[in-house]
Structures are given as structure tokens and as C-alpha cells.
Amino acid sequence: RTAANAHVAAMADANSRAAAGAARVDAITFHDLEGKELLTTSTGAPLIARVHFQALRPVNDAVVEVFYYSRDGRTLHCQQSTAVGGGELTLKPGPGVIEFSMPGLGLQPGVYSIGATIRERTGADTIDWFYGRTALYVEPGKSVRGYFYTPHDWRLVTEHAKAGDRSPNA
């Protein structure tokens, strides 16, 4: 493991692989809502990230995560995780795919290096760490200031407005 890769792994909390061999990440791919594979997307566009894995034996209470780093790996911009808002995940032996859906990609234009991990929720050790083989190219889309775009709706509230009146202009 290179020093740069070790730095990126540390940001992902990808500790030593005592449980290595139970499963492995084979690829990370990106898709549009119709399922077409993408290498490039734009800020604010819907996006699906797929983590393709192979479980060699059952992994109980598994956590699969995707990490979006700056191109040089120095900055972790965001993360997606099955541990957030989901129930228990058991990986059964064989191939599988975990899919993360985004209604609007928050990343600003740039090139991002993508990583993924598989671990057991109760264990401190990472089962597999995948990094350095996947990039995502983000082109201008929604024009916003700041470090990221947040999908949102807005509405004008007046005394005559109804609770459900919303304008999806953003």
C-alpha cells in the first residue's frame, strides 16, 4: 500500500483486514436512472452508484460504503453507507450488487477518485478496501456557490398558501 493510498484508507477508516477473504469489491460503476453506465455526470443530476461484490462466505450485519475523494485523494468529499437509515444487511455467498441512488448529485464539477469498503458493523476491521481504479467526472450542471449542491424544493409562503403548495424549481 502506497503512502497516498494509506492516507485515503485512513480517511475511510479502512483498518487492517483481519476478516479479509470473506468478501471482495470487484468494481464500482455509475448509472443514469435508466441503468445506462456513465463515466461522466453533472452537478445536480440523478445518479446511481453500484458496488459490485463477491461474497466468499456469509457476512452478517455487513456495511458497504462508497467514498468520493478529490482526484489526488487528499480530501474526502462525501460518503454513502448502508449503515445510514437501513436495516441489517447479510451478504450471502456469490456475486451481488449494492445500489445507492441519488436524486441529485451534490458534487461540484471536477474529477473524483472513488473508493468502497465492505466491513461487519460490529467488527472494527475492514473485510475489503477498493480504491484507485474508479474515477467519476462531474461536469457543470446546477449552478450553485459553495462546495456542494443540495437538492431542494422551495415555496412562497403567504397567508393564502396551502400546506402542500410547493414549487420544484430547484
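Please refer to the structure higher up on the page.
Residues numbered from 1 in each chain as written. Predicted model: local features only at pLDDT ≥ 70, side-chain atom pairs only at ≥ 80, totals over all residues. Heavy atoms only, no water.

Asker: Could you give an account of the overall build of the protein, with specific residues and numbers?
Answerer: When its secondary structure is counted, the protein shows 1 helix and 9 strands. In the protein, the succession of helices and strands from N to C terminus is α-β-β-β-β-β-β-β-β-β. Taking all 170 residues of the protein together, the buried fraction comes to 41%. By sequence separation, contacts in the protein at least 24 residues apart represent 71% of the contacts at least 6 residues apart. Entry remark: accessible area of the protein is about 9700 Å², with carbon and sulfur atoms responsible for 51%. (Helix = DSSP H or I, 4+ residues; strand = E, 2+ residues; numbered from the N terminus. Buried < 20%, exposed > 50% of the residue type's maximum accessible area, 1.4 Å probe, protein only. Contact = heavy atoms within 4.5 Å. Areas by Shrake-Rupley, 256 points an atom, 1.4 Å probe, with all protein chains shown as cover.)

Asker: An account of the sheet that holds strand S8 (residues 110–120) is requested, with residue identities and associated values reported.
Answerer: Taking strand neighbours across the sheet as the criterion, the 5 strands line up as S3-S9-S8-S5-S6 in an open arrangement whose pairing is mixed. Both outer strands of the open sheet, strand S3 (40–42) and strand S6 (76–81), are each paired with one neighbouring strand and no more. Taking each pair of neighbouring strands and ignoring which way they run, the sheet shows an average axis angle of 30°. Relative to S8, strand S5 (residues 62–70) runs antiparallel, the two being bridged by 9 bridges. (Pairing = 2+ DSSP bridges. Axes fitted to C-alpha atoms, helices over the stretch in contact; angles between N-to-C directions.)

Asker: Hey, could you go over unusual backbone geometry for me, with residue numbers and the actual values?
Answerer: Residues other than glycine seldom take positive phi values, yet Asp61 does so here, at roughly 50°. Within the secondary structure, Asp61 is located in the loop between strand S4 (47–55) and S5. Taking relative accessible area as the criterion, Asp61 reaches 14% and is therefore assigned buried.

Asker: So what's going on with the packing of aromatic side chains? Residues and values would help.
Answerer: Pairs of aromatic rings are described using the distance from one ring centre to the other and the angle between the two planes. Going through the model one piece at a time under the given rule, you end up with 5 aromatic pairs. Seen from their ring centres, Trp129 and Tyr131 are 5.8 Å apart, and the 5° between their planes marks the pair as stacked. Exposure remark for Tyr131: the relative accessible area of 16% places this residue in the buried category. An aromatic cluster is defined as three or more aromatic residues linked by ring pairs; in this entry it consists of Phe67, Tyr69, Trp129 and Tyr131. (Phe/Tyr/Trp six-rings, centres within 6.5 Å; stacked < 30°, edge-to-face > 60°.)

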